[in-house]
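Fold and geometry: a report
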Amino acid sequence: MSKANETVKVDKELDMSNAGRSIWLVKVPKYMAKKWEKAPGNIELGKLKIARQVGHKTQMSLSLSDALINLDPLEKIPRHHRLEPSVVAKQTLGVFSHSVPTVATEPEAEQQVVGRIFQKLECRPYADDCYMKMKLESIRRASQPTRQTKSLEKIVNNFKPISDHKHNIEDKQRKKTEGKKCCSDKNAVQDVLFKAFEKHQYYNIKDLVTITRQPITYLKEILREMCDYNMKNPHKNMWELKKEYRHYK
């Protein structure tokens, strides 16, 4: 292997300068996350309010901005939300950052620890009229069946069902014909075969079944006694009388 094709691995240090920074981990509803994904980077997403009172639990709320709400006027979402905290205990959670170079020649950015999560919060909307209407619409869409029956006014010509296929019909006809056949006397079948071989030297099994009108299994038993089965060309898969029964040159 040439040196040009070798992959050079370089160990890089992890930037731990911000490891002591405290960060919140907030779980937001799907409709809010979708709004944030659509939002451009130059608008205000919302305002966070923290109310502290002596002797009372800290109250936190998030209000979405008008610019975010009006991104899609037809899609109404709740504006006001409450943040319910939960303490992170018996585990250590961290946030890592790693930027990907936009140009191939640009050096790869270093990995760094952005901070340590010390508190989890869940963002929940207040049960106002807007939220209730949104939930009703969500339930209505979920209750709609994925498949619906439609009545056709015109005949669809791209597919016409077949009651039975050709090979099935031929197979049934063959079984019906063979079922009617009964095993004749062995000597009588041999006489019919000798007369047939007086006309032609070689026969395939299909023609012999037609001539003798005997079941194919029974007919093969008789043929093995008085005929040879050719395995090679030019008369491959054909039956011929054994030498002791041949009268032709």
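All values derive from a computational prediction rather than experimental measurement.

Turning our attention to helix α5 (residues 186-199). A rise of 1.5 Å per residue sets the reference length of α5, with its 14 residues, at 20 Å; its end C-alpha atoms lie 21 Å apart and thus fit the reference within 8%. Taken together, the buried positions of α5 are occupied by Val189, Gln190, Leu193, Ala196 and Phe197. Mapping the buried residues of α5 onto a view down its axis gives an arc of 120°, with all of them on the same face. Exposed and facing more than 90 degrees away from the buried side of α5 are Asn187, Lys195, Glu198 and Lys199. Among the structural elements, α6 (205-212), α7 (216-226), β7 (227-229) and β8 (239-241) are those in contact with the buried residues of α5. One side-chain oxygen of the residue at the start of α5 lies 3.1 Å from the amide nitrogen of Asn187, identifying that residue as Asp185.

What follows deals with the nonpolar core. Here is a general trend for soluble globular proteins: nonpolar side chains tend to be buried in one another's company. Membership of the largest hydrophobic core comes to 15 residues, with the highest contact counts inside it found for Leu193, Leu208, Leu219, Leu223 and Cys227. Every element with two or more residues in this core is listed here: α5, α6, α7 and β8. A total of 5 residues in this core trace back to one element, the largest contributor, which is α7. In this structure Cys227 touches Phe197, Trp239, Glu240, Leu241 and Lys242, once residues within four positions along its chain are discounted. Membership of the second largest hydrophobic core comes to 13 residues, among which are Met32, Leu62, Ile69 and Leu83.

Moving on: the packing of α5 against α7. Contact geometry for α5 and α7: axes closest at 11 Å, N-to-C directions at 65°. In terms of their interaxial angle, α5 and α7 are classed as roughly perpendicular. In the crossing of α5 with α7, the sense of the turn from one axis to the other is right-handed. Contacts between α5 and α7 involve Lys186, Val189, Gln190, Leu193 and Phe194 from the first element and Tyr218, Leu219, Ile222, Leu223, Glu225 and Met226 from the second. Along the lines of polarity and charge, the residues of the contact of α5 with α7 split into 8 nonpolar, 1 polar and 2 charged.

Once that is clear, we can look at the environment of Met226. Residue position: Met226 is located in helix α7. In this structure the C-alpha to C-alpha distance between Met226 and Gln190, which are 36 residues apart in sequence, comes to 8.4 Å. Leave out the neighbours within four places in its chain, and Met226 touches Gln190, Leu193, Phe194, Glu240, Leu241, Lys242 and Tyr245.

Next up on the list: a nonpolar patch on the surface. Taken together, Trp24, Val26, Leu48, Ile50 and Phe118 make up a surface patch of nonpolar side chains, about 390 Å² in accessible area. Contributions of two or more residues to the nonpolar patch are made by β1 (22-27) and β2 (46-51). Along the chain, Val26 turns up in strand β1. On the accessibility criterion, Val26 (36% relative accessible area) is partly exposed.

Taken as a whole, this structure holds 9 salt bridges when the rule is applied. For Glu122, the salt bridge goes to Arg124, with nearest N and O atoms at 3.3 Å. By relative accessible area, which is 29% here, Glu122 ends up partly exposed. We classify Arg124 as partly exposed; its relative accessible area is 34%. Here the salt bridges share partners, and the residues they tie into one network are Arg82, Glu84, Glu122 and Arg124.

So, on to the packing of aromatic side chains. Within this structure, the stated rule accounts for 3 aromatic pairs. Geometrically, the ring pair formed by Phe194 and Tyr245 is edge-to-face, given 5.7 Å between the ring centres and 65° between the ring planes. With a gap of 51 residues between them, Phe194 in helix α5 and Tyr245 in the segment after β8 connect regions that are remote in the sequence. On the accessibility criterion, Tyr245 (36% relative accessible area) is partly exposed. On the basis of an interplanar angle of 90° and a centroid distance of 5.2 Å, the ring pair of Phe197 and Tyr203 is categorised as edge-to-face. One exposure class covers both Phe197 and Tyr203, and it is buried.

The rules behind each value
- Residues numbered from 1 in each chain as written.
- Predicted model: local features only at pLDDT ≥ 70, side-chain atom pairs only at ≥ 80, totals over all residues.
- Heavy atoms only, no water.
- Helix = DSSP H or I, 4+ residues; strand = E, 2+ residues; numbered from the N terminus.
- Expected span 1.5 Å × (residues − 1).
- Buried < 20%, exposed > 50% of the residue type's maximum accessible area, 1.4 Å probe, protein only.
- Arc of directions from axis to C-beta.
- Contact = heavy atoms within 4.5 Å.
- Polar contact = N/O pair within 3.5 Å; in protein donor to acceptor, adjacent residues only side chain to side chain.
- Core = buried A, V, L, I, M, F, W, Y, C linked by side-chain atoms within 4.5 Å.
- Axes fitted to C-alpha atoms, helices over the stretch in contact; angles between N-to-C directions.
- Parallel < 35°, antiparallel > 145°, perpendicular 65-115°, else oblique.
- Left-handed = near helix turned anticlockwise from the far one by under 90°.
- Nonpolar A, V, L, I, M, F, W, Y, C, P; charged D, E, K, R; others polar.
- Patch = residues over 30% accessible without salt bridge, like charges linked within 9 Å, V, L, I, M, F, W, Y side chains within 5 Å.
- Areas by Shrake-Rupley, 256 points an atom, 1.4 Å probe, with all protein chains shown as cover.
- Salt bridge = Lys/Arg side-chain N within 4 Å of Asp/Glu carboxyl O.
- Phe/Tyr/Trp six-rings, centres within 6.5 Å; stacked < 30°, edge-to-face > 60°.

On their own, these measurements won't tell you what the molecule is for.
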